[in-house]
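An overview of the molecular structure
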Number of protein chains: 2
Amino acid sequence: MASAEQHAAPATAATDGGRRTRPVTITDIARVTGVVPSTVSRALNKPGRVNAVTRERIQAAARELNYVPNSQARALISGRTGTIAVVVSDVTNPFYFGLIRGTQQRLKAAGYAQLLIDTEDSGEHEAEMLQKMRRSLDGAILAASRLPERALTALAGEIPLVTVNRNVPRVQSVVIDTPTGIGLAVEHLVGLGHRDIVYVAGPENSWSNHARWRAVRAAAQRYGQRFRHVGPFPRGRRSGSAVADAVLASGATACVCFNDLFAIGMLPRLRQRGVRVPEDLSVVGCDDIFGADFCHPPLTTLTAPIEQAGEVAVAMLLARLEQPVTEHPGTAPSRRAVLLPATLTVRESTGPAPTTRLSAVRPPAGPS
Amino acid sequence: MASAEQHAAPATAATDGGRRTRPVTITDIARVTGVVPSTVSRALNKPGRVNAVTRERIQAAARELNYVPNSQARALISGRTGTIAVVVSDVTNPFYFGLIRGTQQRLKAAGYAQLLIDTEDSGEHEAEMLQKMRRSLDGAILAASRLPERALTALAGEIPLVTVNRNVPRVQSVVIDTPTGIGLAVEHLVGLGHRDIVYVAGPENSWSNHARWRAVRAAAQRYGQRFRHVGPFPRGRRSGSAVADAVLASGATACVCFNDLFAIGMLPRLRQRGVRVPEDLSVVGCDDIFGADFCHPPLTTLTAPIEQAGEVAVAMLLARLEQPVTEHPGTAPSRRAVLLPATLTVRESTGPAPTTRLSAVRPPAGPS
DNA sequence: ATGAAAGCGCTAACAA
DNA sequence: TTGTTAGCGCTTTCAT
């Protein structure tokens, strides 16, 4: 019972009266061991600089009392908080799962805590949050930031920053090279006989969307293809029906989607309208998110090494944080942009171009 | 150019030399406005208790210098950090997406930051992390904790805690009532003529797994069914093939899976072995995660209001944090457990029991 | 090797 | 209404 009690609240020190509890501080340890607080601090942090036996005694006491350092107090002095923010526009977008996992792992390994921030797809929100938290962060990783370029540059001057899938001058970034991958995808479609490819555009405020858009256009031109686009459509799977209808209306035999969510979202609607994938229409997604392999049919898509992107982003950030203070403050940290290749994963949503145009397509029958 | 410069680094004050920068503090504002720091503090935090014109002057200066309060320093005094940890066993498990979204939203609305912790499915890890971070947290929400009951109770004594899908005495919890839902699922299967139902068990260390297991067993008995189980299987979709093989070996005509990941994972293997769903085998999942509606065939599953669970968990936690300090420290906060109903969502993976036993099932052909 | 003292940025008594 | 003082927990000189 007594030991159970100890387990229940081991991290507290009884005051004189013994009726209230309070977190254990180095002062408590000092009192118990008969030294001064600064000695306790040394014994715990620079064990080499304190007598072996006192060190033992102090460390034992600390363990016994279940002492946990107050990181706020530490941060107040050092200015370093040990936490890194990972900023995403929407936590529920499966695209970010891998990113979050990648950053989480590396951050934990390095002893940092990960603060997850969801900006709800609003640049203003993003700026505001970051501004507010600046002081309690050692750095931030911005995934698909919605911030205008100048705001991003400005922010990078205030807090160590690494962006993911967003390339602006003077801020470190890791971007997944979907454009090159998209070239592969278009080549794949052309090889299957498609001559009329449409790009399904994502939201206007997405940097990736524009990068992919340009890539499809360039690749189409390279192969002498007709190129068009539909959209832009709002983020998310709910856009699926509208996307499907628009693609069908375009008359193209193949589409390249801004992302897998669009592609997956199209599928039910296409089925509903009697369009077979890939016999009547080939669909290419982008990112290879969770679900891309088990939707029906499984998606041909660009596999993005997003988890790796998270890892690299953390590595870049930590490298900067942990490098010795520059002698020459004028020397800006050399801008570094890492480009990660995306590969084409061919599954079952792409096939030979139909020899005849779609004819017996059922008309759109109301929203979804 | 000058104003651009201001935007680039507005949150710093030049020292005398003017060649280095440093975050703006209330002392800086005090100096600029000719008052003392405590007045600045008041002007910013209790505007009512300071002369209108000085207040204006101070607030203007704060805005001008782009002052941001140092939350560490504040925390040092108040003991409150404004951050809540959300602890999950695996960030990439889609089950948690909704939870994280729910907590994130409510937390942000209440002005708290969300610290996401991934325990990598290890109870030890979980305990260690929480222990280490205790001091920098105002509270924690534990999703599907792997901690033994006594450790959980002990922890609850040190830091305000709410568990999700884990019920232990004396700690507040919100649990999704999948057991009752499972009764519905079994009833549904019985109604379809199934007489031989197998439960696919999840990992041993999962509280939910045991709850669901018991529920299936109870329901089966209630309906005079034969009941068996296969497993336990390790978490994750990779278990899919093994699950499928085990279910097939059991000879049952229907299975209820620990979660959707198992169910989705089974599907390709079943197809590979020539087993049709639901004609030859009915499959029921649990949770209704992202993907359950677009896998093939779409899954009959228990829809868990997981986002709502996150919201409720936050509400419970904040209610406790923000309630005035109890006059009687002995009065433990009244234990409150919220039970959220899960509903049965019937899609296409369940159907009438086959009239004849499976015969021409292809043998398992190596892993996956 | 250890102790004494100062201070990080902020807030909260208490005084004036 | 404003200033003065003290102190949160910790680290870091500087003495000893």
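To keep things clear, this report deals only with the structure shown in the data block. Quick caveat: nothing in here was measured; it's all calculated off a predicted structure. (Residues numbered from 1 in each chain as written. Chains lettered and ligands numbered in written order. Predicted model: local features only at pLDDT ≥ 70, side-chain atom pairs only at ≥ 80, totals over all residues. Heavy atoms only, no water.)

1. What about the protein's contact with DNA strand D?
In plain terms, the rule: If even one non-hydrogen atom of a residue comes within 4 Å of a molecule or strand, that residue is called near it. Nitrogen and oxygen atoms within 3.5 Å of one another constitute a polar contact, given that in protein one can donate a hydrogen and the other can accept it, and given that sequence-neighbouring residues count only through two side-chain atoms. Note on conventions: DSSP H or I runs of at least 4 residues are helices, E runs of at least 2 residues are strands, and numbering of each starts at the N terminus. Amino acids are sorted into nonpolar (Ala, Val, Leu, Ile, Met, Phe, Trp, Tyr, Cys and Pro), charged (Asp, Glu, Lys and Arg) and polar (every other residue, Gly among them).
Not every one of the 24 residues close to DNA strand D is listed here, only the nearest: Ile26, Tyr67 and Arg74 of chain A together with Thr39 and Asn51 of chain B. The share of sugar and phosphate among atoms of DNA strand D within 4 Å of the protein is 65%. Within the side chain of Asn45 of chain A, a nitrogen or oxygen atom sits 3.1 Å from a phosphate oxygen of DNA strand D. For the surface near DNA strand D, the secondary structure elements donating two or more residues are α3 (37–45) and α5 (71–78) of chain A together with α3 (37–45) and α5 (71–78) of chain B. Tallying contributions element by element places α3 of chain A first for the surface near DNA strand D, with four residues. Its residues placed into classes, the surface near DNA strand D shows 10 nonpolar, nine polar and five charged.

2. Here's the deal with the interface of chain A and chain B
Defined as follows: The contact criterion used is simple: two residues touch if any of their non-hydrogen atoms lie within 4.5 Å. Computed with a 1.4 Å rolling probe, the buried area is the accessible surface lost when two parts are put together, summed over both parts. The rule for a salt bridge is simple: a side-chain nitrogen of Lys or Arg has to be within 4 Å of a carboxyl oxygen of Asp or Glu.
In this complex, chain A contributes 56 residues to the contact, which on the side of chain B involves 55 residues. Around 4,800 Å² of area is buried between chain A and chain B when both sides are counted, 59% of it from carbon and sulfur atoms. Considering only the surface of chain A that becomes buried against chain B, Gln72, Arg135 and Phe294 of chain A emerge as the three largest contributors, covering 16% of it. Counting across the interface, chain A meets chain B through eight salt bridges. Here Arg101 of chain B and Asp90 of chain A are joined by a salt bridge, their closest N and O atoms 2.8 Å apart. Summed over the shared surface of chain A and chain B, the result is 19 residue pairs in polar contact (both at pLDDT 80 or more). Elements with a minimum of two residues in the side of chain A that touches chain B: α1 (2–8), α5, α6 (95–109), β2 (113–118), α7 (123–133), α8 (149–158) and α12 (260–272) of chain A.

3. Considerations on the sheet that holds strand β8 (residues 254–257) of chain B
Note on sheets: strands pair through backbone hydrogen bonds, and any given pair is parallel or antiparallel. All names here are of chain B. Defined as follows: The pairing criterion for strands is at least two bridges between them, as found by DSSP. For helices, the fitted axis covers only the stretch in contact; all axes are lines through C-alpha atoms, and the angles between them, taken along N-to-C directions, range from 0 to 180 degrees.
Strand order across the open sheet formed by four strands is β7-β6-β8-β9, with parallel pairing between neighbours. At either margin of the open sheet sits one strand with a lone partner, and together these are β7 (226–230) and β9 (282–284). Sheet twist, expressed as the average angle between the axes of neighbouring strands with direction ignored, equals 25°. Bridge count between β8 and β9: three bridges; the pairing is parallel.

4. Structural notes on the side chain of Thr33 of chain A
All names here are of chain A. Applied cut-off: Burial classes follow relative accessibility: with a 1.4 Å probe on protein chains only, a residue under 20% of its type's maximum area counts as buried, one over 50% as exposed, and anything between as partly exposed.
Relative to the helices and strands, Thr33 resides in helix α2 (residues 26–33). For Thr33, a relative accessible area of 8% gives the class buried. When near neighbours in sequence (up to four residues on either side) are disregarded, Thr33 contacts Arg57, Ile58 and Ala61.

5. A closer look at the sheet that holds strand β6 (residues 196–200) of chain A
All names here are of chain A. Taken together, four strands build an open sheet; the order of strands is β7-β6-β8-β9 and the sheet is parallel. Pairing within the sheet leaves two strands with one partner each, and these edge strands are β7 (226–230) and β9 (282–284). Going from strand to strand, the sheet's axes swing by 25° on average, the running direction of each strand aside. Bridge analysis of β6 against strand β8 (residues 254–257) gives four bridges, and the strand direction is parallel. Residue pairing for β8: Val200 is matched across the bridge by Cys257. Sheet strands in contact with helix α9 (residues 178–191) are β6, β8 and β9, and its direction is about 170° off that of β9.

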